[in-house]
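# An overview of the molecular structure
Chain by chain, the residues run as shown.
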Amino acid sequence: MAAEKEKRAWFVEDESIFSLKPYTARGWYPTGPAVHVSLTFERSSRFYAFGVANGKKEHYRFFDNKDKKNKQKRNINANMTIEFLQYLHQCYPKLLLIWDRAPNHRAKKVCNYAKNHDIKMLWFPTACPEENPLEQSWAFFKSKTANTHYPTITDYKKAAKKQANKKNLAKMFKYLTH
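Residues numbered from 1 in each chain as written. Predicted model: local features only at pLDDT ≥ 70, side-chain atom pairs only at ≥ 80, totals over all residues. Heavy atoms only, no water.

### Structural notes on the environment of A49
- Following the sequence through the fold, A49 ends up in strand 2 (residues 46-53).
- The spacing of A49 and K157 is 108 residues in sequence and 9.3 Å in space, taken between C-alpha atoms.
- Residues contacting A49, with those up to four places away along its chain left out, are D14, E15, S16, F18, R61, F62 and W138. (Helix = DSSP H or I, 4+ residues; strand = E, 2+ residues; numbered from the N terminus. Contact = heavy atoms within 4.5 Å.)

Laid out in structure tokens, this is it:
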């Protein structure tokens, strides 16, 4: 692998959105008339997770959906991506990232940052999320936190971080190392 020759750390990368909107994997339901439970959650009741893994190491970072400077709501964007790349670059000065073609990955700002900081990028094929083992990681996180009521987004984020500390994706990466 070219990353080994250049002594680069390599990782696959992906992001996911976690919302207070209930994620129900299973449940018991009474027979008879439907029971309606009103839920109140807003778009602001979410956070974003960035992750990288290579079968040996994993790194996850969690971001609020509000910009700390101007307190406005935000989606996953180039600035968040660069912040995550800065964290990775501190840990791994020579880096190879394999990721999808999400708009925040292709943003000019992100590409310039990668070029200026010796971060090489490879792309997963378009519309092939099953190629990225990190997609399975998000499913794992969400299944482990399903069927649980979190009163606040902070509580949910703590639960997701706890699962991130437990997760080991080594088995998912065997096909990438051959």
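### A closer look at the sheet that holds strand 5 (residues 119-123)
- With respect to topology, five strands assemble into an open sheet ordered 3-2-1-4-5, the strand pairing being mixed. Of all the strands in the sheet, just strand 3 (58-64) and strand 5 have a single pairing partner and so form its edges. Taking the axes of each pair of neighbouring strands and ignoring which way they run, one obtains an average angle of 25 degrees across the sheet.
- Two elements, strand 4 (residues 95-99) and strand 5, share five bridges in a ladder whose sense is parallel. Note that in strand 5 the partner of L97 across the bridge is M121.
- Its contacts with the sheet place helix 5 (residues 133-145) against strand 1 (9-19), strand 2 and strand 3, and it is angled at close to 35 degrees to strand 1. (Pairing = 2+ DSSP bridges. Axes fitted to C-alpha atoms, helices over the stretch in contact; angles between N-to-C directions.)

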